[in-house]
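Here are the chains, one letter per residue:
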Amino acid sequence: MAGKESGMEEHRQNTGIHLSDETGSRPNRGKRTALLVLLAAILIFAACLALRPWYLDYMERDHRETCEKARFVIEDRYYYAVEDEREAGKSEEEIDYEAVLRRVVQENMEVTLDDELRCTGLCRSGGSYTCYIDPQTHRVTITCDYGDHGAYTF
């Protein structure tokens, strides 16, 4: 046994291997891992920075489309509600178009229109809607005051 230990000691001296190398750990292994983790984090951060303009554009486009669709739904349901009133036998003069619009917005969007036919909370960009009913044609126009969302007429 003594010969085996002296043989291992002689082997260590000849090869320059330390006891820590025999157990499989290396002194620079932790530094390399930390550098790899840092490099990965930098690459992920750079990818996020590169994709940020695309993401912001995508979100703005999504908000604009969602705003337009919400206005379309209000106007579409308003049209059918007016048709239901006509089918119930009411004349053009008997239909309370403003009340029909208020009911449609309340039932379908769960918000209420104020006295000036405005509401907030439907535009995901933070705009507020203003509704206008043409007194001649009874068509409704809904505008959003946020950026380029604009008006939608049905």
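Scroll up a little and you will see the structure.
Notes on the structure in this doc start here. As the structure is a prediction and not an experimental result, all values here were calculated from the model.

## Comments concerning a nonpolar patch on the surface
Among the surface-exposed residues, W54, Y55, L56 and Y58 lie close enough to one another that they form a single nonpolar patch of about 450 Å² accessible area. By the element assignment, W54 lies in helix 3 (residues 29-87). By relative accessible area, W54 is classed as exposed at 55%.

## Topic: the side chain of S125
One can find S125 in the loop between strand 1 (118-120) and strand 2 (128-133). With a relative accessible area of 18%, S125 lands in the buried category. A distance of 3.5 Å separates the side chain of S125 from the side chain of H63, its partner in a polar contact. Excluding residues within four positions of it along the chain, S125 makes contact with E60, H63, Y146 and H149.

## Looking at helix 4 (residues 97-109)
Here helix 4 contains 13 residues, and its C-alpha end-to-end distance of 18 Å stays within 8% of the 18 Å for a straight helix at 1.5 Å per residue. All buried positions along helix 4 are accounted for by Y97, V100, L101, V104, V105 and M109. When helix 4 is viewed along its axis, its buried side chains cluster within an angular range of 130 degrees and face the same direction. Buried positions along helix 4 lie against helix 3, strand 2 and strand 3 (140-144).

## Here's the deal with helix 3
In a regular helix each residue adds 1.5 Å, so 59 residues correspond to 87 Å; helix 3 covers 81 Å between its end C-alpha atoms and thus fits that length. Burial in helix 3 covers these residues: H63, C67, A70, R71, I74, E75, D76, Y78, A81, V82 and E85. Where helix 3 ends, the next residue or the one after it, G89, has phi of about 100 degrees, a positive value.

## Observations concerning the pattern of salt bridges
Enumeration over the complete set of coordinates arrives at 12 salt bridges. The shortest N-O distance in the salt bridge between R86 and E83 comes to 2.6 Å. Here the residue R86 and the residue E83 both occupy positions in helix 3, the gap between them amounting to 3 residues, near one helical turn. A relative accessible area of 22% places E83 in the partly exposed class. Across the pair R118 and D114 runs a salt bridge, and its minimum N-O distance is 3.3 Å. One continuous salt-bridge network, built from bridges that share partners, spans E85, K90, R103 and E107.

About the cut-offs
Residues numbered from 1 in each chain as written. Predicted model: local features only at pLDDT ≥ 70, side-chain atom pairs only at ≥ 80, totals over all residues. Heavy atoms only, no water. Patch = residues over 30% accessible without salt bridge, like charges linked within 9 Å, V, L, I, M, F, W, Y side chains within 5 Å. Areas by Shrake-Rupley, 256 points an atom, 1.4 Å probe, with all protein chains shown as cover. Salt bridge = Lys/Arg side-chain N within 4 Å of Asp/Glu carboxyl O. Helix = DSSP H or I, 4+ residues; strand = E, 2+ residues; numbered from the N terminus. Buried < 20%, exposed > 50% of the residue type's maximum accessible area, 1.4 Å probe, protein only. Polar contact = N/O pair within 3.5 Å; in protein donor to acceptor, adjacent residues only side chain to side chain. Contact = heavy atoms within 4.5 Å. Expected span 1.5 Å × (residues − 1). Arc of directions from axis to C-beta.

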